[in-house]
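# Coordinate inspection notes
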Amino acid sequence: MDLTLYNSLTRRKEAVAPIEPGHLRLYACGPTVYGPAHIGNARMAVVFDLLVRVARALFPRVTYVSNITDVDDKIIAAARASGEDIAAITEKYTLIYNEDMAALGCAPPDVQPRATAHIGDMVALVQGLLDRGHAYAADGHVLFHVPSYAGYGALSGRSREEQVAGARVEVAPYKRDPADFVLWKPAAPDEPGWDSPWGRGRPGWHIECSAMSQHHLGLPFDIHGGGSDLKFPHHENEIAQSCCAHGVLDDPATYARMWVHNGFVTVAGEKMAKSVGNILLAHDLLRAHEGAALRLALLSAHYRQPLDWTDGTLHAAAKNLAALRRAATEPGEVPTPVLGALCDDLNTPAAISEALRAAKAGDGAGVAATMDLMGLDRAAPKEAADPRIDALLQERQAARAAKDFARADAIRDQLAAEGVTIEDTPAGPRWQRSR
RNA sequence: GGCGCGGUGGCAGAGUGGUGAUGCAGAGGACUGCAAAUCCUUGUAUGCGGGUUCGAUUCCCGCCCGUGCCUCCA
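Conventions and cut-offs
- Residues numbered from 1 in each chain as written.
- Chains lettered and ligands numbered in written order.
- Predicted model: local features only at pLDDT ≥ 70, side-chain atom pairs only at ≥ 80, totals over all residues.
- Heavy atoms only, no water.
- Helix = DSSP H or I, 4+ residues; strand = E, 2+ residues; numbered from the N terminus.
- Buried < 20%, exposed > 50% of the residue type's maximum accessible area, 1.4 Å probe, protein only.
- Contact = heavy atoms within 4.5 Å.
- Areas by Shrake-Rupley, 256 points an atom, 1.4 Å probe, with all protein chains shown as cover.
- Lys, Arg positive; Asp, Glu negative; His and termini not counted.
- Charge placed at Lys NZ, Arg CZ, Asp CG, Glu CD.
- Salt bridge = Lys/Arg side-chain N within 4 Å of Asp/Glu carboxyl O.
- Pairing = 2+ DSSP bridges.
- Axes fitted to C-alpha atoms, helices over the stretch in contact; angles between N-to-C directions.
- Right-handed = clockwise from strand over helix to strand, strands pointing away.
- Near = heavy atom within 4 Å.
- Polar contact = N/O pair within 3.5 Å; in protein donor to acceptor, adjacent residues only side chain to side chain.
- Nonpolar A, V, L, I, M, F, W, Y, C, P; charged D, E, K, R; others polar.
- Domains from an automatic or database assignment.
- Buried area = accessible area lost by both parts, 1.4 Å probe.

## Thoughts on the overall build of chain A
Scanning chain A from N- to C-terminus turns up 15 helices and 15 strands. The principal-axis extent of the C-alpha atoms belonging to chain A is close to 90 × 50 × 35 Å. Classification of the 435 residues of chain A by burial places 49% in the buried group. Long-range pairs, those at least 24 residues apart, make up 75% of the contacts in chain A between residues at least 6 apart in sequence. Just so you have it, chain A exposes about 19,500 Å², and 52% of that area is on carbon and sulfur atoms. Averaging the positions of the 44 positive and the 54 negative side-chain charges in chain A gives two centres separated by 4 Å.

## Notes on the pattern of salt bridges
Going through the model one piece at a time under the given rule, you end up with 24 salt bridges. Across the pair Asp344 and Lys13 runs a salt bridge whose closest N-O atoms are separated by 2.7 Å. Residue Asp344 is found in the loop between helix 11 (336–343) and helix 12 (348–360), and its partner Lys13 is found in strand 2 (residues 12–15); the two are separated by 331 residues along the sequence. By relative accessible area, Asp344 is classed as partly exposed at 31%. Classification of Lys13 as partly exposed rests on a relative accessible area of 44%. Among the ionic contacts, a cluster of salt bridges with common partners joins Asp73, Arg80, Lys185, Asp190, Glu191 and Arg202.

## Quick look at the sheet that holds strand 6 (residues 141–144)
Here four strands make up an open sheet; going across it, the order is 5-6-7-8 and the pairing antiparallel. The strands lining the two open edges of the sheet, one partner per strand, are strand 5 (135–138) and strand 8 (201–203). For this sheet, the mean angle separating the axes of adjacent strands, direction not counted, is 25°. Here strand 5 runs beside strand 6; their pairing, made up of four bridges, is antiparallel. In the strand pairing of strand 6, Tyr136 is matched with Leu143.

## Things to note about the pairing of strand 10 (residues 256–262)
In terms of residue burial, strand 10 counts as a mostly covered element, since six of its seven residues are buried. Inspection of the sheet shows strand 9 (residues 221–227) paired to strand 10 by six bridges, in the parallel sense. Bridging across to strand 10, Gly225 finds its partner in Val260. The handedness of the strand 9 to strand 10 crossover, carried by helix 7 (residues 231–245), is right-handed.

## Looking at the protein's contact with RNA strand B
Around RNA strand B, the structure places 55 residues, and the nearest of them are Lys74, Gly227, Leu230, Lys271 and Asp409. For RNA strand B, the fraction of atoms within 4 Å of the protein that belong to sugar or phosphate moieties is 60%. Measuring from a sugar or linking oxygen of RNA strand B, one finds a side-chain N or O atom of Asn41 at 3.0 Å. Element by element, the count of residues in the surface near RNA strand B is highest for helix 12, at six residues. Here the residues of the surface near RNA strand B are counted per class, giving 19 nonpolar, 19 polar and 17 charged.

## What to know about the domain arrangement of chain A
In terms of domain boundaries, chain A breaks down into domain 1 (4–262), domain 2 (310–373) and domain 3 (387–433). Centre-to-centre separation of domain 1 and domain 2, based on C-alpha positions: 34 Å. Taken together, the 11 residues of domain 1 in the interface contact eight residues of domain 2. Buried area between domain 1 and domain 2, both sides added, is near 860 Å², and the carbon and sulfur share of it is 66%. The largest share of the area that domain 1 buries against domain 2 comes from Thr4, Leu50 and Val54, three residues that together contribute 45% of it. Counting across the interface, domain 1 meets domain 2 through four residue pairs in polar contact (both at pLDDT 80 or more).

So, in structure tokens, the structure goes:
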């Protein structure tokens, strides 16, 4: 079955056909590690993890690279605010990120490069751009000269004039053109920096992804992904850098052939923002909810659509997850309609619908295979043993046997008040904490 | 202002040129001492106005509404 994806670059769905036969190579822009990941970061990780899982089912070899940005103004600011060491901060949040994403069922990328481990690659790339006349040094900075690249704007679909007209910020005086962007910037003595031909400094944001994707995947590679907000300027700038550094100016696809962008998560209809105070951290949600339920909730809307996060989203996902688990047996073949939906631009809502249909039809093997493919943990988490609750349940059973229903119901009510739900099954009572 | 995306039942959310998936919630029933869980049954929807067509929710135009991006936010 062919996998088709919507290519942001060409604005249409295209069949995925690896450039190197049988080997799909993809890169997704990962997080800047200055704080814990929020549910939006999680959506990106889950979407690309799913894409990789589907790709692995279809292609003999898949190489998935997703970076960690560990040098950035925001990290420096976070270090100043907390007094912590920069390396300690990036280390800590990288660890938390990976733990949280694992809890969401995301397999680690094949390569998770860190920007600071690729400074040399970036310097070489910047030097190449200078040599080819696409960049210039000014005031301690090295800037990419946008007018030197005629293909600029191909991804975001806007002309340079349009961007300049819409610019809301003051243009730095050292820029030759308002659209020029920083490749390398000087580092203050108390900021992290690396020696370079242009003095001690640090890389601009965009250059790291150009350097790391090229280093680990080679050029051109098949799929480049990230959040839709990265389309402009980040991905546009990556294309400009990478194409110019390699002297291919007439075809943006000589960097990455397909571009895949996931939509945003809103919370109760509002964009997540610090100013609104509605940022949902994956870490916090995982404390109260099961990772697999969160994952299913994140996949309940098509990845290119915005996803509005509400209690209802999660409630429905948890119920559906339970239904799938009930139906799942030993994994067999993924039902064709499920695979078909996933192959059609990762239509997860349709895939979930088909999986529930399979569950209802008694195709336990198909359901189990679907859950494995979609990265949904088939095992429900076990409640920790609690002798006190067990004792209360025993007392309740005795009361029921003696037809002392007032006592039995009192016990049930008491546990309910503690958030413990009792289910009476043919095999005896079970309990579970509401989460 | 520029570029883009979207408006489907109470809510979430797909698809489709020919009387509209799926889930959650709701209602009724089965089961239960009563519940819970589960199972069965079930009602309700395509923003507005034109156009193309035998026929439009689906294509085209206009309008209204919402929303994203516009130099470092996934």
